[in-house]
Amino acid sequence: MLGLLERAPCGFLTFADDGTVLTANATLLEMLGLSHDAVVGQRFETLLTVSSRIFYQTHLLPMLKLQPTVEELFLTLRYGDGGSDVAVLTNVAKRDETGSTVYDCVFLRLRERRKWEDEIVRARRNAEEANRTNSALLSMMSHDVRTPIGSISGYCDLLLMGIRGALSDEQKGDVERMKKASEYVLSLIDDILSFTRLRAGEVARFDMMTLDVASVLAQTEALIGIRIEQAGLTYRRERCTSDIKVVADPDRLQQILLNLLTNAVKFTPKGGQVTVSCGAEGEWSFINITDTGRGIPADQVERIFEPFVQVPGSGAATAGMQRGFGLGLAISRNLARKMDGDLTVTSTLGEGSTFTVSLRSSQTSDRDQMASSAAS
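No experiment lies behind these values; they were computed from the predicted model shown. (Residues numbered from 1 in each chain as written. Predicted model: local features only at pLDDT ≥ 70, side-chain atom pairs only at ≥ 80, totals over all residues. Heavy atoms only, no water.)

(A) Quick look at the side chain of Ser182. Inspection of the secondary structure puts Ser182 in helix α4 (residues 169–200). The contacts of Ser182, once residues within four sequence positions are left out, are Ile149, Ile152 and Ser153. (Helix = DSSP H or I, 4+ residues; strand = E, 2+ residues; numbered from the N terminus. Contact = heavy atoms within 4.5 Å.)

(B) Expanded view of the pattern of salt bridges. Applying the stated criterion across every chain yields a total of 15 salt bridges. The closest approach of N and O atoms between Arg95 and Asp104, which form a salt bridge, is 2.5 Å. By relative accessible area, Arg95 is classed as partly exposed at 32%. According to the relative accessible area criterion, Asp104 is buried, its value standing at 15%. Between Asp174 and Arg177 there is a salt bridge, with the nearest N and O atoms lying 2.6 Å from each other. With Asp174 and Arg177 both in helix α4, this residue pair falls 3 residues apart, about one helical turn. Assessed through its relative accessible area of 40%, Asp174 is described here as partly exposed. Each of Glu302, Arg333, Arg337 and Asp342 takes part in a single network of salt bridges with overlapping partners. (Salt bridge = Lys/Arg side-chain N within 4 Å of Asp/Glu carboxyl O. Buried < 20%, exposed > 50% of the residue type's maximum accessible area, 1.4 Å probe, protein only.)

(C) How the structure looks around the state of the cysteines. All told, the structure shown has 1 disulfide when counted by the stated rule. Sulfur-sulfur distance for the disulfide between Cys240 and Cys278 comes to 2.0 Å. One disulfide, between Cys240 and Cys278, carries an S-S torsion of 90° and so falls in the right-handed class. Pair noted here: Cys240 is in the loop between β7 (234–238) and β8 (245–248) and Cys278 is in strand β9 (residues 273–281), with a separation of 38 residues, a long-range link. Pair check on accessibility: Cys240 and Cys278 agree, each one buried. (Disulfide = S-S within 2.5 Å.)

(D) Representation of the sheet that holds strand β5 (residues 100–109). Taking strand neighbours across the sheet as the criterion, the 5 strands line up as β2-β1-β5-β4-β3 in an open arrangement whose pairing is antiparallel. A strand with exactly one partner marks an edge of an open sheet, and here the two such strands are β2 (21–24) and β3 (69–77). Sheet twist, expressed as the average angle between the axes of neighbouring strands with direction ignored, equals 25°. Two strands pair when backbone bridges link them, and β3 and strand β4 (residues 86–97) are joined in this way by 7 bridges, in the antiparallel orientation. When the sheet's bridge partners are listed, Leu75 is paired in β4 with Val88. Of the strands in this sheet, β1 (11–16), β3, β4 and β5 touch helix α2 (residues 50–66), which is tilted by about 170° from β3. (Pairing = 2+ DSSP bridges. Axes fitted to C-alpha atoms, helices over the stretch in contact; angles between N-to-C directions.)

(E) Representation of unusual backbone geometry. Phi angles above zero are rare outside glycine, and Glu72 is one such case at about 55°. Residue position: Glu72 is located in strand β3.

(F) Structural detail: the pairing of strand β11 (residues 342–348). Judged from the 7 bridges that link them, β11 and strand β12 (residues 352–360) form a sheet pairing that is antiparallel. Across the sheet, the residue bridging to Thr348 is Gly352, located in β12. The antiparallel pairing of β11 with β12 creates a hairpin that spans 3 residues between the two strands, and Gly350 there sits at a positive phi of about 90°.

(G) Molecular detail of helix α6 (residues 250–266). Taking 1.5 Å of rise per residue, 17 residues should cover 24 Å, and α6 covers 24 Å from first to last C-alpha, within 8% of that figure. Most of α6 is tucked away, with 12 of its 17 residues classed as buried. If you check which residues of α6 are buried, you get Leu253, Gln254, Ile256, Leu257, Asn259, Leu260, Leu261, Thr262, Asn263, Ala264, Val265 and Lys266. If you check the start of α6, you find a side-chain oxygen 2.9 Å away from the backbone N of Asp251, and it comes from Asp249. (Expected span 1.5 Å × (residues − 1). Polar contact = N/O pair within 3.5 Å; in protein donor to acceptor, adjacent residues only side chain to side chain.)

(H) Seen up close, the packing of aromatic side chains. Per the stated rule, a full pass over the model turns up 6 aromatic pairs. Judged by centre distance (6.3 Å) and plane angle (75°), the rings of Phe305 and Phe355 are edge-to-face. Residue Phe305 is located in the loop between β10 (284–291) and α7 (328–338), and its partner Phe355 is located in strand β12; the two are separated by 50 residues in the primary sequence. For the pair Phe305 and Phe355, one class covers both residues: buried. Ring pairing ties together the aromatic residues Phe15, Phe44, Tyr56, Tyr103 and Phe107, which thus form one cluster. The aromatic ring of Phe206 is capped on one face by Arg252, whose charged end is 5.1 Å from the ring centroid. (Phe/Tyr/Trp six-rings, centres within 6.5 Å; stacked < 30°, edge-to-face > 60°. Lys NZ or Arg CZ within 6 Å of the ring centre and 35° of its normal.)

(I) Structural view of the environment of Ala214. Of note, Ala214 is situated in helix α5 (residues 213–230). By relative accessible area, which is 15% here, Ala214 ends up buried. The spatial distance from the C-alpha of Ala214 to the C-alpha of Cys240 is 5.6 Å, given a sequence separation of 26 residues. Setting aside its immediate chain neighbours within four residues, Ala214 contacts Arg237, Cys240, Thr241 and Ser242.

(J) Here's a closer look at the sheet that holds β10. An order of β7-β9-β10-β12-β11 is seen for the 5 strands of this open sheet, with the pairing classed as mixed. Both edges of this open sheet fall to β7 and β11, since each of them pairs with a single strand only. Across this sheet, the average inter-strand angle for adjacent strands is 15°, counted without regard to direction. Looking at chain direction, β7 and β9 are connected through 5 bridges and run parallel. Note on β9: the bridge partner recorded for Arg237 is Val276. Lying over the sheet, α6 contacts β7, β9, β10, β11 and β12, oriented at roughly 25° with respect to β10.

Written out as structure tokens, the structure reads:
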């Protein structure tokens, strides 16, 4: 009766409108370990496990009343002698036969499905455990690591102020190096904490306002100026007048600018130049930070915005340099985009790079009116 379908490489079954099984091929019978009489003449739902039976009654039948076919349903069939349930992918088509409605079902066995499901459950449990471990690590870094390192930096300040007595030049130099090292470690910890919180969506609110770029730059320059001097670099600010405005969170914008200027200092050799310039076009304003450093290879230009990616160093600009974790640019782009802007770069190898922060000039769009609201 079934002809070529009898030994087809998939199970086949037909049941009537009242659920009675009319035909079943040999492949399906072998799949379920059942005889012909144990299937044909029985109700289709008796072949299903409890969960699939509920799905059949609440979803499959109602869907078949509304449409002629239902595809790629996951069902589990009962194995006849009490063995493991059989997971199948099912397609069902409705047709008329001598004035009655019948349903043709094709069952493709999914031998690996259960194994995949078990692996997914294990992976989810492992991920949840990793998240708990990550939270504990962040808490430890925030308090048990960051706090004592901050104390070291504070005691260095006291020593340099002469609270414990005058220091010789050699002692003063040693204490200054200790202070710089502690500040460097603190900056690494801050980068890790900032990046992790951004990834987790914890930095959800931004105090968005219209800012005078020149004022933000003045505050940033006060923080970075000494480092530029110590690096033996020339610093210039061009066309960043009070009429250049951006819509941003002032603290986040300053964080971005500090990251970019710190990188410029880090990768520009002594005698080089760092230039900050500004511009506006339509509803956008731009802050450009240009250095005369070694530049970025073309195949690395986008990768540098990925976390933990750094361009391999070479030459005097990077000799003996503390490199960090490669999170500053990833954090900066993330922050810029959360403020409805962007951070991009153009670079020429051997000549230098220009990083551009693009932000809206005024609060005119719907998204710009979300001042002090969720930015993600």
